[in-house]
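Fold and geometry: a report
Listed here are the chains, written in short residue letters.
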Amino acid sequence: MSGHASKQIDTTTLWGGKVSPFSTSYGKLMMWFFLVSDALTFGGLLIAYGFTRHDAQDAWPIGEETFNSMPFLGHGFPLLYVALMTFILIVSSVTMVLAVEAGHRMDKKGVIKWMVATIIGGFFFVGSQAWEWSHFIHGSEFGKVELVDGSQAIVKGHFGEIKNFTVIEAGEHHAKGAVVTDDLMHQFQHAVEVGKINDGIITLHDGSKAKITKEADHDMELIIKKDGKSNKVGTRIKGKNAEKMYYQAIYSGTPHKVIYGANLEQNEYGPQQYGQFFFFITGFHGFHVFSGVIINIIILLGVIAGTYHKRGHYEMVEKTGLYWHFVDLVWVFVFTFFYLV
Amino acid sequence: MERDDIIEYSLDAHHSEEQGVLLRKKIWKVTALLTIITAVEVLLGAFIKQGTSIWPLVKWSFIGLTLVKAAYIVLSFMHLGDERKVLRYFILVPYFLFVIYLIFILLTEGMYVDNVLKSHGG
């Protein structure tokens, strides 16, 4: 690891040709150059994010309000899941550096063991990111709502379960008095988006009208993100008042009062660009992780085949290691600037 | 023909079992440090809300802690700290020059655009 790099060589010899002034091999040097250029790409993306955020400061979503869910556990866990992802990536970086260390001792078994661990960690991270994306795209049960005064609010709290729709006016498929119990949430959200719920009466796909039976919501809180006639940015409205305002908006029978989840055009969390940056930055990073896993697998096959052992050194492991640590490094910055601050 | 003017730097990277024990100890220390920093960040983020009076302090400590984490990853895990000084500067100096310039210019512009949009009812 230190080896030649720390040897004292006089400058005439060092810069006089036949030796690398950096005391490092060609391959490793080129990997460093690639990483610098890649780091500039990520730097550019994150700084562009900073620019956009600073020109829409008030409307920008807050990390711990947006990312507060855990798989299987629901919500109320601000940033814990991303922290877990960060931890997974750090640990896989550690196993990688242990693989490199084993390589320096020509310990083939050790290299294999730690590289397998690294690859598993990488898969866990990519999987976590898939969950995170899916959660971001589907959004919350409440969505972002445009209130009657024209202000926009994100909604926190527990959404009471929808029990059924009881048909009160027959349509093409449902007779009067029929009770619909399938796909309720999806039908409900779709009807809200297109403005087909009026005073608690939902118009279903087939034109039938039904009464919604729904459990009460708990701890609802509206956080105003865009000024309206009476509500200003940053105002928080809680309890019964919040419920009244929310349902007044979504049961008004007017379309486009609520946005659920996210796509490239709109999202329930904040300005349009927020969703775009989320998809681009975490997507580009996820793509790096994924290619890192693939490269690690290829190198692992080389290790198992004994290619590097015959060569006399495991520098290929060190080079993929550099790339893998770089992916971890980028995530450290994404974590801070996208989720924390 | 075999070239005789290339030094196999890759072979110089080997170390003994005893050195390995020390290196592994160092790796686990860095791991513990990185984990603790991440935990501290999450706790701060969970308990101190944006918009409170001490938030700016928390925000800057996040950025400081991130740079500490990044330094450990680059210098220890990526071994840049063990490389020759000239390589270290060759990698870091151009990057920091460019990035600091970019941060300065874009954040200044961003805040300016924010003001314009606000005062002209964007």
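Residues numbered from 1 in each chain as written. Chains lettered and ligands numbered in written order. Predicted model: local features only at pLDDT ≥ 70, side-chain atom pairs only at ≥ 80, totals over all residues.

1. Examining the overall build of chain A
- When helices and strands are tallied, chain A shows 10 helices and 12 strands.
- In chain A, which comprises 341 residues, the proportion classed as buried is 37%.
- Restricting to contacts in chain A with at least 6 residues of sequence separation, those with at least 24 account for 67%. (Helix = DSSP H or I, 4+ residues; strand = E, 2+ residues; numbered from the N terminus. Buried ≥ 20, exposed ≤ 12 C-beta atoms within 10 Å, placed from the backbone. Contact = placed C-beta atoms within 7 Å.)

2. A short note on the packing of helix 4 (residues 80-104) of chain A against helix 5 (residues 108-138) of chain A
All names here are of chain A.
- The geometry of helix 4 relative to helix 5 is characterised by a closest axis approach of 8 Å and an angle of 160° between their N-to-C directions. With respect to their mutual orientation, helix 4 and helix 5 come out roughly antiparallel. Here helix 4 and helix 5 pass one another in a crossing that is left-handed. Packed against helix 4, whose contacting residues are Tyr81, Met85, Ile88, Leu89, Val91, Ser92, Thr95, Met96, Leu98, Ala99, Ala102 and Gly103, the element helix 5 presents Gly110, Val111, Trp114, Met115, Ala117, Thr118, Gly121, Gly122, Phe124, Phe125, Ser128 and Glu132 at the interface. (Axes fitted to C-alpha atoms, helices over the stretch in contact; angles between N-to-C directions. Parallel < 35°, antiparallel > 145°, perpendicular 65-115°, else oblique. Left-handed = near helix turned anticlockwise from the far one by under 90°.)

3. Some points on the pairing of strand 5 (residues 162-169) of chain A
- Strand direction decides the pairing type here: strand 5 of chain A and strand 9 (residues 209-214) of chain A, joined by 6 bridges, are antiparallel. Looking at the pairing, Val167 of chain A lines up with Ala210 of chain A of strand 9 of chain A. (Pairing = 2+ DSSP bridges.)

4. Topic: the pairing of strand 10 (residues 218-226) of chain A
Residues and elements named next belong to chain A.
- Relative to strand 10, strand 4 (residues 152-158) is paired through 6 bridges, and the arrangement is antiparallel. When the bridges of strand 10 are listed, Val155 appears paired with Leu222.
- The sheet contact formed by strand 10 and strand 11 (residues 236-238) spans 3 bridges and is antiparallel. Within strand 11, the residue paired with Ile223 across the bridge is Arg236.

5. As for the interface of chain B and chain A
- Counting residues at the interface gives 53 residues for chain B and 53 residues for chain A.
- Secondary structure elements with two or more residues in the side of chain B that touches chain A: helix 1 (17-47), helix 2 (55-77) and helix 3 (85-119) of chain B.
- With 16 residues, the top contributor of residues to the side of chain B that touches chain A is helix 3 of chain B.
- Among the residues making up the side of chain B that touches chain A, the classes are represented as 29 nonpolar, 12 polar and 12 charged. (Nonpolar A, V, L, I, M, F, W, Y, C, P; charged D, E, K, R; others polar.)

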